[in-house]
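# Coordinate inspection notes
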Amino acid sequence: MGLIQKIVKAVFPVATAASMEAQSRAWMVKCNTCGTEQSIWDMGGVRWSASGSKTTPSKCLKCGRWTVHTIYNSK
């Protein structure tokens, strides 16, 4: 569990923290080069009450390259 996730669980009420976790698990990060996908929550992050998709450069955990990744809601 990432630092931000620990803070969320310590500071927010249980129902709100559970909502944040559920929404964060629905947000996926996909490497546009190799296709590897992982949820924001599994990466140690939180994405709550967000909308739309975006692209961002980051290092892929699978192929090890700095590539463009797409962040999108899988629901």
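This write-up is about the structure you can find in this document. Please read all numbers here as calculations on a predicted model, not as lab measurements.

Rules of the game
- Residues numbered from 1 in each chain as written.
- Predicted model: local features only at pLDDT ≥ 70, side-chain atom pairs only at ≥ 80, totals over all residues.
- Heavy atoms only, no water.
- Phe/Tyr/Trp six-rings, centres within 6.5 Å; stacked < 30°, edge-to-face > 60°.
- Lys NZ or Arg CZ within 6 Å of the ring centre and 35° of its normal.
- Helix = DSSP H or I, 4+ residues; strand = E, 2+ residues; numbered from the N terminus.
- Buried < 20%, exposed > 50% of the residue type's maximum accessible area, 1.4 Å probe, protein only.
- Contact = heavy atoms within 4.5 Å.
- Salt bridge = Lys/Arg side-chain N within 4 Å of Asp/Glu carboxyl O.
- Polar contact = N/O pair within 3.5 Å; in protein donor to acceptor, adjacent residues only side chain to side chain.
- Pairing = 2+ DSSP bridges.
- Expected span 1.5 Å × (residues − 1).

For the coordinates displayed, the defined rule picks out zero aromatic pairs. The side chain of arginine 47 reaches across the aromatic face of tryptophan 27, ending 4.3 Å from its centre.

Right, let's get into the environment of isoleucine 40. With respect to the helices, strands and loops of the structure, isoleucine 40 is situated in the loop between strand E2 (37-39) and strand E3 (54-59). Taking the relative accessible area as the measure of exposure, isoleucine 40 reaches 12% and is therefore buried. For the pair isoleucine 40 and leucine 61, spaced 21 residues apart in the sequence, the C-alpha separation amounts to 13 Å. Leave out the neighbours within four places in its chain, and isoleucine 40 touches Ser24, Trp27, Val29, Gly45, Val46, Arg47 and Ile71.

Let us look at the pattern of salt bridges. By the definition in use, this model includes three salt bridges. The shortest N-O distance in the salt bridge between glutamate 21 and arginine 25 comes to 2.9 Å. One end of the pair is glutamate 21 and the other is arginine 25, both in helix H2 (residues 14-26) and four residues apart, which spans about a single turn. For aspartate 42, the salt bridge goes to arginine 25, with nearest N and O atoms at 3.1 Å. With a gap of 17 residues between them, aspartate 42 in the loop between E2 and E3 and arginine 25 in helix H2 connect regions that are remote in the sequence. Counted as one network, the salt bridges with shared partners bring together Lys9, Glu21, Arg25 and Asp42.

By the secondary structure assignment, threonine 70 is in strand E4 (residues 66-73). One polar contact links threonine 70 to asparagine 32, side chain to side chain, over a distance of 3.0 Å. If we ignore the near neighbours within four places in the chain, the residues touching threonine 70 are Met28, Val29, Lys30, Asn32, Lys54 and Thr55.

So, about the pairing of E4. Where strand E1 (residues 27-31) meets E4, five bridges bridge the pair, whose relative direction is antiparallel. When the sheet's bridge partners are listed, lysine 30 is paired in E4 with threonine 70. In the sheet, E3 pairs with E4 via six bridges, with the strands oriented antiparallel. Looking at the pairing, lysine 59 lines up with tryptophan 66 of E4.

Let us now look at H2. Along its 13 residues, H2 runs 19 Å from first to last C-alpha, staying within 8% of the 18 Å computed at 1.5 Å per residue. By the burial criterion, the buried members of H2 are Ala17, Met20, Glu21, Ser24 and Ala26. On its buried face, H2 sits against helix H1 (3-11), E1, E2 and E4.

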